[in-house]
Amino acid sequence: MADTPRPAPVPDAVTAPFWEGCAQGELRVQECRACRFRWLPGSVVCPHCWSDAVTWVASAGEGTVVTFAVYHRSYHPAFQPLVPYVVAVVELAEGPRLVSNVVGVAPERVRVGMPVRVEFQSAGDIALPVFRPVGEGD
Ligand SMILES: [Zn+2]
């Protein structure tokens, strides 16, 4: 059976800098030039003060698992080979949170508060940010 391509995000004018960063191995977050609030996903105005003076800055790519779920069932054929896999909310050291995967560790070893570091996986033309435990991986 042929591999089913993994569905990938489609960058738009707002999110293109994020995906360009991922392609270069750099996780980026948006920052407000007016109030310095940082967030993800990208938007055209600051969600804190509504300023449109927003820019992208590099994240160190380190964070912690805030919450997670272990998927034991695939809802798309491309994910079937990955079962069981971990979908997690990761809070970056800079503050923003994103939904991603925790990889490189048995799902039963993932914990809330686990320190993780970003790495990138290819999904077609896109590099997806995923997270690997720091010092606790396999
Ligand atoms: Zn702001």
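Attention here is on the structure that accompanies the text. No experiment lies behind these values; they were computed from the predicted model shown.

Conventions adopted
- Residues numbered from 1 in each chain as written.
- Predicted model: local features only at pLDDT ≥ 70, side-chain atom pairs only at ≥ 80, totals over all residues.
- Heavy atoms only, no water.
- Donors = N, O, S within 2.8 Å, 3.2 Å for Na, K, Ca; no water.
- Tetrahedral: all angles 85-135°; square planar, octahedral: opposite > 155°, others 65-115°.
- Helix = DSSP H or I, 4+ residues; strand = E, 2+ residues; numbered from the N terminus.
- Buried < 20%, exposed > 50% of the residue type's maximum accessible area, 1.4 Å probe, protein only.
- Phe/Tyr/Trp six-rings, centres within 6.5 Å; stacked < 30°, edge-to-face > 60°.
- Contact = heavy atoms within 4.5 Å.

## Quick notes on the coordination of the zinc ion
Protein coordination at the zinc ion comes from Cys32 (SG), Cys35 (SG), Cys46 (SG) and Cys49 (SG), with a distance range of 2.3 to 2.4 Å. In this structure, the zinc ion is coordinated by four donor atoms arranged in tetrahedral fashion, with angles at the metal of 103 to 115°. Considered as a linear motif, the donors of the zinc ion on their single chain read C-x2-C-x10-C-x2-C. Of the two residues, Cys35 is situated in the loop between β1 (28-32) and β2 (38-39) and Cys46 in the loop between β2 and β3 (54-58); the sequence distance between them amounts to eleven residues. Among the residues examined, Cys35 registers a relative accessible area of 30% and is labelled partly exposed.

## Let's talk about the packing of aromatic side chains
Evaluated as defined, the whole model comprises five aromatic pairs. Between Phe18 and Trp56, the aromatic rings sit 6.1 Å apart at their centres with planes inclined by 50°, giving tilted as the arrangement. On the criterion of sequence distance, the pair formed by Phe18 in helix α1 (residues 16-23) and Trp56 in strand β3 is long-range, its members being 38 residues apart. Assigned by exposure class, Phe18 and Trp56 land together as buried.

## Points about α1
If you check which residues of α1 are buried, you get Ala16, Phe18, Trp19, Gly21 and Cys22. Structurally, α1 contributes buried residues whose contacts are with β1, β3, β7 (115-123) and β8 (126-133). Following α1 by one or two positions, Gly25 adopts a phi angle in the positive range, close to 75°.

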